[in-house]
Amino acid sequence: MELVDYNGHQLRRWRKGVSDYLVCPEKGARLMSWSLGMADGSFRDVIHWPENADFNKIESVRGGNPILFPFSGRTFSGSEIGKWKAADGIVRPMPMHGFVRNGSCSIENVDDLGFTSVLKPDEAAQEAYPYDYKFSVAYKFYELKMVVDFILENNDNQAIPWSPGHHFYFNLPWHSDLQRSDYRVNIPAKKAYYHAPDGSLSEVKDWNNEETFDCEGLNDRLHSRMTGDCVKFGPKGGEEDISIKIITPGVKGSTCSIVTWSETENEPYYCVEPWFGLPNGVSRKGGVSYVSPGKSSRFTVEVSLM
């Protein structure tokens, strides 16, 4: 691990064989980029990070891996967006994707393998999620894969709901002579939905487990009822696949979801996002997981090029 300067900010870099990971553990535990050194001396970005990104507004940067906590996506209380109702009946604010991506973290551990950051909830976070808890994000870096672990420890005297997620911005296409139509993604799921403007889930009837990234219906689609724990995507030929695997012990893959999203059809990235569950789950029976007092829960994801 080494310290590097990025536009006046101190970041941390891990070099593992051909892989280079750049991270800011203190700002939302944000992985910024993952690149590969190629045999011809060039570089391939696996995780996209835009040039000249405004680091002072890191929560708005379209790149890296923003952490989604305590809930992924949009929340509603009735028809009111950006709100949620807890078990005590009180309606509270909740920003889209939660508050970690623009939150501050302290470094609990850092070594040659990776780091662990712990969220430091500010006043707004405490208002939105008024529990006594510890939320940790742990990254482990390897030459051709990384493992990310979310841990929620309940120090309260009541159950705490959560449904976290990742927002990986994968560089795509990663060959200069290919287009989105030359890449396909395989998602082993039984159901697919769109998140309607009123917070409801609209089921998609006509879709395929394997589709190319230029498919209009793929964008902003939620895939659920997983039949496997591994999503793969890459060129149509089958080489250079990227795989995302949910490896959390005790967490059934069928309860998790995969979201596919890009802001426009011309972006240099496509997000393939493993979420703990579907959005707005606290408003649906069984839509979120509850961590009992004195207990902890994990959500672990592996991203691999092997």
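Residues numbered from 1 in each chain as written. Predicted model: local features only at pLDDT ≥ 70, side-chain atom pairs only at ≥ 80, totals over all residues. Heavy atoms only, no water.

Draft legend 1. Main features of the pattern of salt bridges. Applying the stated criterion across every chain, the model contains 12 salt bridges. Put simply, Glu203 and Lys205 hold a salt bridge, and the shortest N to O gap is 3.6 Å. Beyond isolated ion pairs, a larger network of salt bridges with shared partners links Glu2, Arg13, Arg15 and Asp20. (Salt bridge = Lys/Arg side-chain N within 4 Å of Asp/Glu carboxyl O.)

Draft legend 2. View of the packing of aromatic side chains. Per the stated rule, a full pass over the model turns up 32 aromatic pairs. Pairing Phe71 with Tyr129 gives two aromatic rings, centres 6.2 Å apart and planes at 90 degrees, and the pair type is edge-to-face. Placement of Phe71 in the loop between strand S6 (67–68) and strand S7 (76–77) and of Tyr129 in the loop between helix H1 (123–128) and strand S13 (133–141) is noted, with a sequence separation of 58 residues between them. In this structure an aromatic cluster arises from ring pairing among Phe69, Phe71, Trp84, Phe99, Tyr129, Tyr131, Tyr133, Phe135, Phe150, Trp162, Phe276 and Phe299. Lying over the aromatic face of Trp174, Arg44 brings its terminal NZ or CZ to 4.3 Å of the ring centre. Sitting above the plane of the Tyr142 ring, Lys145 keeps its charged end 5.2 Å from the centroid. (Phe/Tyr/Trp six-rings, centres within 6.5 Å; stacked < 30°, edge-to-face > 60°. Helix = DSSP H or I, 4+ residues; strand = E, 2+ residues; numbered from the N terminus. Lys NZ or Arg CZ within 6 Å of the ring centre and 35° of its normal.)

Draft legend 3. Representation of the nonpolar core within the structure. Of all hydrophobic cores here, the largest spans 66 residues; its most connected members are Phe69, Phe99, Tyr129, Tyr133, Phe135, Trp162 and Phe170. Ranked by residue count, the leading element in this core is S13, at five residues. Not counting chain neighbours up to four residues away, the residues in contact with Tyr133 comprise Phe69, Phe99, Leu119, Pro121, Leu152, Glu153, Asn155 and Ile160. Counting residues in hydrophobic clusters, the runner-up holds 11 residues, among them Val4, Met32, Ala53 and Phe55. (Core = buried A, V, L, I, M, F, W, Y, C linked by side-chain atoms within 4.5 Å. Buried < 20%, exposed > 50% of the residue type's maximum accessible area, 1.4 Å probe, protein only. Contact = heavy atoms within 4.5 Å.)

Draft legend 4. Quick peek at unusual backbone geometry. A cis geometry characterises the amide bond from Phe69 onward to Pro70, with omega recorded as 5 degrees. The residue Pro70 is located in the loop between S6 and S7 in this model. The amide bond that connects Leu172 to the next residue, Pro173, takes the cis arrangement and shows omega of 0 degrees. Locating Pro173 in the fold gives a position in the loop between strand S17 (169–171) and strand S18 (183–186).

Draft legend 5. A look at the pairing of strand S11 (residues 104–110). Judged from the six bridges that link them, S11 and strand S12 (residues 114–120) form a sheet pairing that is antiparallel. Paired with Cys105 across the bridge in S12 is Leu119. Counted along the chain from S11 to the antiparallel partner S12, the turn is three residues long. (Pairing = 2+ DSSP bridges.)

Draft legend 6. Up close: the pairing of strand S26 (residues 269–275). Of all seven residues in S26, seven are buried; the element is thus mostly enclosed. Burial of S26 is two-sided: the residues Tyr269, Cys271, Glu273 and Trp275 facing one way and the residues Tyr270, Val272 and Pro274 facing the other way are all buried. Where S17 meets S26, three bridges bridge the pair, whose relative direction is antiparallel. Bridge pairing in S26 places Asn171 opposite Tyr269.

Draft legend 7. Just the sheet that holds strand S21 (residues 210–212), in detail. Judged by pairing direction, the sheet is antiparallel, and its nine strands sit side by side in the order S11-S12-S13-S14-S28-S24-S23-S18-S21 without closing on themselves. Bordering the open sheet on either side are S11 and S21, each of which pairs with just one other strand. Here the average twist between neighbouring strands, direction ignored, is 15 degrees. (Axes fitted to C-alpha atoms, helices over the stretch in contact; angles between N-to-C directions.)

Draft legend 8. Spatial organisation of a nonpolar patch on the surface. A contiguous nonpolar patch, built from Met1, Leu3 and Val110 and spanning about 230 Å² of accessible area, is present on the exposed surface. With respect to the element layout, Leu3 can be found in strand S1 (residues 2–6). (Patch = residues over 30% accessible without salt bridge, like charges linked within 9 Å, V, L, I, M, F, W, Y side chains within 5 Å. Areas by Shrake-Rupley, 256 points an atom, 1.4 Å probe, with all protein chains shown as cover.)

Draft legend 9. Empty space enclosed by the protein, seen in detail. Under the definition given, this model contains three cavities of 30 Å³ or more. Taken as a whole, the largest cavity holds about 60 Å³ of empty space. Lining the largest cavity are Phe71, Ser72, Thr75, Ser163, Gly277, Leu278, Pro279, Asn280, Gly281, Val282 and Val288. Its residues placed into classes, the lining of the largest cavity shows five nonpolar, six polar and no charged. (1 Å grid on protein atoms, 1.4 Å probe; cavity = no way out; pocket = protein on both sides within 12 Å on 5 of 7 lines; lining within 4 Å. Points joined across faces, edges and corners; volume = space filled by probe spheres on them. Nonpolar A, V, L, I, M, F, W, Y, C, P; charged D, E, K, R; others polar.)

Draft legend 10. Expanded view of the environment of Leu178. Mapped onto the elements, Leu178 comes out in the loop between S17 and S18. Separated by 112 residues in sequence, Leu178 and Tyr290 have C-alpha atoms that sit 44 Å apart. Aside from chain neighbours lying at most four places away, what touches Leu178 is Pro173 and Tyr183.

Draft legend 11. Molecular detail of the side chain of Ser163. Considering the arrangement of structural elements, one finds Ser163 in the loop between strand S15 (160–162) and strand S16 (165–166). In this structure Ser163 comes out as buried when scored by relative accessible area, which is 3%. Those residues within four positions of Ser163 in sequence are excluded, and the remaining contacts are Pro70, Phe71, Ser72, Phe276, Gly277, Leu278, Gly287 and Val288.

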